[in-house]
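Secondary and tertiary structure notes
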Number of protein chains: 2
Amino acid sequence: MVKKKNTKGSAKKEIIKNSAAKLFKEKGYSAASMRELASSVGVEAASLYNHINSKSELLHTICYNVAERFISNIDEVEKQEEKAIVKLERLLRFHISEMLDHYEEVYVSDREWRQLDEPYLDEYRELRRDYRKRFSAIIQLGIDEKEFKEIDSNTAVMIFLNAMGAIDQWHRIVHKIERLALEDNFITLLLEGIKK
Amino acid sequence: MVKKKNTKGSAKKEIIKNSAAKLFKEKGYSAASMRELASSVGVEAASLYNHINSKSELLHTICYNVAERFISNIDEVEKQEEKAIVKLERLLRFHISEMLDHYEEVYVSDREWRQLDEPYLDEYRELRRDYRKRFSAIIQLGIDEKEFKEIDSNTAVMIFLNAMGAIDQWHRIVHKIERLALEDNFITLLLEGIKK
DNA sequence: AACTTAGACTAACGTTTGTTAGTTTCAGAT
DNA sequence: ATCTGAAACTAACAAACGTTAGTCTAAGTT
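Reading the values: the criteria
- Residues numbered from 1 in each chain as written.
- Chains lettered and ligands numbered in written order.
- Predicted model: local features only at pLDDT ≥ 70, side-chain atom pairs only at ≥ 80, totals over all residues.
- Heavy atoms only, no water.
- Salt bridge = Lys/Arg side-chain N within 4 Å of Asp/Glu carboxyl O.
- Core = buried A, V, L, I, M, F, W, Y, C linked by side-chain atoms within 4.5 Å.
- Buried < 20%, exposed > 50% of the residue type's maximum accessible area, 1.4 Å probe, protein only.
- Contact = heavy atoms within 4.5 Å.
- Near = heavy atom within 4 Å.
- Nonpolar A, V, L, I, M, F, W, Y, C, P; charged D, E, K, R; others polar.
- Buried area = accessible area lost by both parts, 1.4 Å probe.
- Polar contact = N/O pair within 3.5 Å; in protein donor to acceptor, adjacent residues only side chain to side chain.
- Helix = DSSP H or I, 4+ residues; strand = E, 2+ residues; numbered from the N terminus.
- Expected span 1.5 Å × (residues − 1).
- Phe/Tyr/Trp six-rings, centres within 6.5 Å; stacked < 30°, edge-to-face > 60°.
- Lys NZ or Arg CZ within 6 Å of the ring centre and 35° of its normal.
- Least-squares fit on C-alpha atoms with pLDDT ≥ 70 in both.
- Axes fitted to C-alpha atoms, helices over the stretch in contact; angles between N-to-C directions.
- Parallel < 35°, antiparallel > 145°, perpendicular 65-115°, else oblique.
- Domains from an automatic or database assignment.

1. What to know about the pattern of salt bridges
Under the counting rule described, the total for this entry stands at 26 salt bridges over all chains. Look at the salt bridges and you will find they share partners, linking Asp-75, Glu-78, Asp-130 and Arg-134 of chain A into a network.

What follows is the structure in structure tokens.
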């Protein structure tokens, strides 16, 4: 008797994916066990495999989902005929709202992607490199057009990307200060530093 | 026959600690195995225990070493009778040079401290909270004295601390652009954003 | 020459890991 | 009432884990 695997979005699969994201975020991918995940879903470990194929598939799904959103966003930003500073602001605002709306997933994809196994690890590394390059090109454009200071664009990208990483404490803070206020704080600090 | 443990700084223990930092950085603490560490030191896994007491002790040492340096630095900064902007610049420059000089250790302490076990995990969480508070107080001082813009000081701290997290790619970049240039890029971007 | 000891080794331990096999359950369709 | 199939279960697997016990080696001290 062969079992069919749910390829489409069953409700349970979604629950597992979400629980996994939360667990991976709290413990780290490697330290999180399938038995722990199972119990957080309210099921035995073996039962998970009625819905998923492997632990690594869960991480893969999380990482590639996030990557896809960021890439399709920068696709759009590049298309627009705007000044570099507008493009940069759009990128930053997208980063912020992604973090607020997809907290665990974005966090996990950022800190745990190294645990992907080949060939996806290499491919993912390439995706990240590519994204940074395109981000950097937008900044360089701003520098060339005298909109921005003459800083090293790669350094700037890294600062921007990593500034976004503090999601952990954010979630606590976002209840205290308003979401929009947070966003503006961010934009102020990061954008004013680069403006000429 | 009871074996004495090397409590003082044997050369081998230092080698193990450094290899551990490098390995923990590359694979993550949980995914890194003692057998892997041993082989990177050129020894069998069991032999490591002639020099160390446990895997978790290695992480503990790394994290607390780093914490001690950061705390004693902010101790000094607080003592100085200077404007907030000078204090902030000193903090930022210290962060940067720590990352450049103690690459792996700082990276590991920042990303893997959650893998500490109790009671050190709680204690370390407290140390981090305390550091952020003191950092935040310095920024708030600058706001009160009208040196800085009226941003949320906690948000600013998080941006600053996390901007520092991009050490990974830095090490590659620091060979391309000069160390001092990197530092100045950083200071420009982060400090100009907050200045009034 | 005999003794000591640091530090390597091999072998093994008890756990925990991700995962598979095979069985049971039970709601919905016939 | 019977059949079906998804999804739970129990039991077990082999592999990998951190760690311990006990032994061997070789350099240094007496």
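2. Describing the nonpolar core
Leu-92, Phe-135 and Ile-139 of chain A together with Phe-135 and Ile-139 of chain B are the most contacted members of the largest nonpolar core, which has 74 residues in total. Contact partners of Leu-92 of chain A, with chain neighbours within four places excluded, come to Phe-135, Phe-160, Met-164, Ile-187, Leu-190 and Leu-191 of chain A.

3. As for the protein's contact with DNA strand D
Neighbouring residues of DNA strand D: 19 residues in total, closest Lys-12, Glu-44, Asn-50 and His-51 of chain A together with Tyr-49 of chain B. For DNA strand D, the backbone makes up 54% of the atoms found within 4 Å of the protein, where backbone means sugar plus phosphate. The residue makeup of the surface near DNA strand D, split by class, is 6 nonpolar, 6 polar and 7 charged.

4. Regarding the interface of chain A and chain B
On the chain B side, the residues contacting the 38 residues of chain A number 39 residues. Buried surface at the junction of chain A and chain B, both sides included, amounts to about 3200 Å², of which 59% is carbon and sulfur. Contact with chain B buries surface across chain A, with Arg-114, Ile-159 and Leu-189 of chain A losing the most and accounting together for 20% of the total. Our count for the chain A to chain B interface comes out at 0 salt bridges. Seen at the junction of chain A and chain B, the total is 4 residue pairs in polar contact (both at pLDDT 80 or more). Those elements giving two or more residues to the side of chain A that touches chain B turn out to be helix H1 (11–27), helix H5 (103–112), helix H7 (153–163), helix H8 (167–173) and helix H9 (179–194) of chain A. Of the residues forming the side of chain A that touches chain B, the biggest block, 9 residues, is contributed by H9 of chain A.

5. Comments concerning the protein's contact with DNA strand C
Taken together, 19 residues form the shell around DNA strand C, and within it Tyr-49 of chain A together with Lys-12, Glu-44, Asn-50 and His-51 of chain B come nearest. Each atom of DNA strand C within 4 Å of the protein belongs either to a base or to sugar and phosphate, the latter forming 51%. Here a base nitrogen of DNA strand C sits 2.7 Å away from a polar atom, N or O, in the side chain of Asn-50 of chain B.

6. Topic: H1 of chain A
Each turn of an α-helix holds 3.6 residues, which means side chains three or four residues apart point in the same direction. Residue and element names in this part refer to chain A. In this model H1 runs 24 Å from its N-terminal to its C-terminal C-alpha over 17 residues, within 8% of the 24 Å that 1.5 Å per residue would give. The set of residues buried in H1 consists of Lys-13, Ile-16, Lys-17, Ser-19, Ala-20, Ala-21, Leu-23, Phe-24 and Lys-25. One or two steps after H1, the chain reaches Gly-28, where phi turns positive at roughly 90°.

7. Comments concerning the packing of aromatic side chains
A full pass over the atoms with the stated rule returns 16 aromatic pairs over all chains. Seen from their ring centres, Tyr-64 of chain A and Tyr-120 of chain A are 6.3 Å apart, and the 80° between their planes marks the pair as edge-to-face. With Tyr-64 of chain A in helix H3 (residues 55–79) and Tyr-120 of chain A in helix H6 (residues 120–144), this residue pair connects regions lying 56 residues apart in the sequence. Taking the relative accessible area as the measure of exposure, Tyr-120 of chain A reaches 36% and is therefore partly exposed. Ring centres 5.0 Å apart and planes at 75° place the aromatic pair Phe-24 of chain B and Tyr-29 of chain B in the edge-to-face group. Considered together, Phe-24 of chain B and Tyr-29 of chain B belong to a single accessibility category, that of buried residues. A cation over an aromatic ring shows up here: Lys-55 of chain A above the ring of Tyr-29 of chain A, its NZ or CZ 4.4 Å from the ring centre.

8. Description of the relation of the copies chain A and chain B
Overlaying chain A on chain B yields an RMSD of 0.0 Å, the required transformation being a rotation through 180° with an accompanying axial translation of 0.0 Å. On this basis, the relationship between the two copies can be described by a two-fold rotation axis. Both copies share a contact surface, since 100% of the interface residues of chain A are interface residues in chain B too.

9. Side note on the packing of H3 of chain A against H5 of chain A
Relative orientation and spacing of two packed helices are given, respectively, by the angle between their axes and the distance between those axes. Residue and element names in this part refer to chain A. Taken N-terminus to C-terminus, the directions of H3 and H5 make an angle of 105°; their axes are 9 Å apart at the nearest point. Judged on the interaxial angle alone, H5 and H3 are roughly perpendicular. Residue-level inspection shows Leu-59, Ile-62, Cys-63, Asn-65, Val-66 and Arg-69 of H3 in contact with H5, the latter providing Glu-105, Val-106, Val-108, Ser-109 and Glu-112. Of the residues assigned to the contact of H3 with H5, the class counts are 6 nonpolar, 2 polar and 3 charged.

10. Some points on the domain arrangement of chain A
All names here are of chain A. Here the domain parsing of chain A yields domain 1 (9–52) and domain 2 (55–194). For domain 1 and domain 2, the distance between their C-alpha centroids amounts to 27 Å. The interface is formed by 15 residues belonging to domain 1 together with 16 residues belonging to domain 2. Summed over both partners, the interface of domain 1 with domain 2 buries about 1400 Å², with 68% contributed by carbon and sulfur atoms. On inspection of domain 1 and its partner domain 2, the count reaches 0 salt bridges. At the surface where domain 1 touches domain 2, the tally comes to 5 residue pairs in polar contact (both at pLDDT 80 or more). Within the residue set of the side of domain 1 that touches domain 2, elements represented by two or more residues are H1 and helix H2 (34–41). Broken down by element, the side of domain 1 that touches domain 2 gets its largest block of residues, 7 residues, from H1. Residues of the side of domain 1 that touches domain 2, tallied by class, amount to 10 nonpolar, 2 polar and 3 charged.

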